[in-house]
Amino acid sequence: MNSKQIKMYTKGYCSFCYAAKNLLAKRGLSYEEVPLAGDAVAEREMRELTGRSTVPQIVIDGRPIGGYQELIELDMDGEL
């Protein structure tokens, strides 16, 4: 059902990460979570892919869309 490939870079203490995961779950969308805690390789991959160092960073179909606020905007526009 979920035709989009969603990857989300997260950290455990991040309330915006938690909120983004909740929104995706509420929409019935599956995603791959990449926890960054102590994983320098994943953190470097996220920075190279998105150009950002804050979390969450969400990538949909290989395209970085940003964080939680951008996810909400996509949802409100019916593009999620």
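Everything numeric in this text was worked out from a predicted model, so none of it was measured. (Residues numbered from 1 in each chain as written. Predicted model: local features only at pLDDT ≥ 70, side-chain atom pairs only at ≥ 80, totals over all residues. Heavy atoms only, no water.)

Focus: the packing of helix 1 (residues 15-26) against helix 3 (residues 68-76)
Contact geometry for helix 1 and helix 3: axes closest at 9 Å, N-to-C directions at 20°. Taken together, the axes of helix 1 and helix 3 lie roughly parallel to each other. Two packed elements cross with a definite hand, and for helix 1 against helix 3 that hand is left-handed. Here Phe16, Ala19, Ala20, Leu23 and Leu24 of helix 1 come into contact with helix 3, specifically with Tyr68, Leu71, Ile72 and Asp75. Split into classes, the residues belonging to the contact of helix 1 with helix 3 amount to eight nonpolar, no polar and one charged. (Axes fitted to C-alpha atoms, helices over the stretch in contact; angles between N-to-C directions. Helix = DSSP H or I, 4+ residues; strand = E, 2+ residues; numbered from the N terminus. Parallel < 35°, antiparallel > 145°, perpendicular 65-115°, else oblique. Left-handed = near helix turned anticlockwise from the far one by under 90°. Contact = heavy atoms within 4.5 Å. Nonpolar A, V, L, I, M, F, W, Y, C, P; charged D, E, K, R; others polar.)

Some words on unusual backbone geometry
Put simply, Val55 and Pro56 share a cis peptide bond, and its omega is 0°. Within the secondary structure, Pro56 is located in the loop between helix 2 (40-50) and strand 3 (57-60). Of note, the phi angle at Asp61 is positive, near 50°, even though the residue is not glycine. With respect to the helices and strands, the residue Asp61 is situated in the loop between strand 3 and strand 4 (63-66). Using a relative accessible area of 47% as the deciding quantity, one classes Asp61 as partly exposed. (Buried < 20%, exposed > 50% of the residue type's maximum accessible area, 1.4 Å probe, protein only.)

Some words on helix 3
Along helix 3, the positions that sit buried rather than exposed are Leu71, Leu74 and Asp75. Down the axis, helix 3 shows its buried residues gathered within 100° of arc, on one side only. As for helix 3, its buried residues are in contact with helix 1, strand 3 and strand 4. The positive-phi residue at the C-terminal boundary of helix 3 is Gly78, with phi of around 75°. (Arc of directions from axis to C-beta.)

Considering the pattern of salt bridges
With the rule as written, the count across this model stands at six salt bridges. When the shortest N-O distance is used, the salt bridge between Lys7 and Glu45 registers 3.7 Å. Taken together, the residues Lys7 in strand 1 (residues 6-10) and Glu45 in helix 2 connect sequence positions 38 residues apart. A residue is classified by how much of its surface remains accessible, and Lys7, at 22% relative accessible area, is partly exposed. Here the salt bridges share partners, and the residues they tie into one network are Lys11, Glu43 and Arg47. (Salt bridge = Lys/Arg side-chain N within 4 Å of Asp/Glu carboxyl O.)

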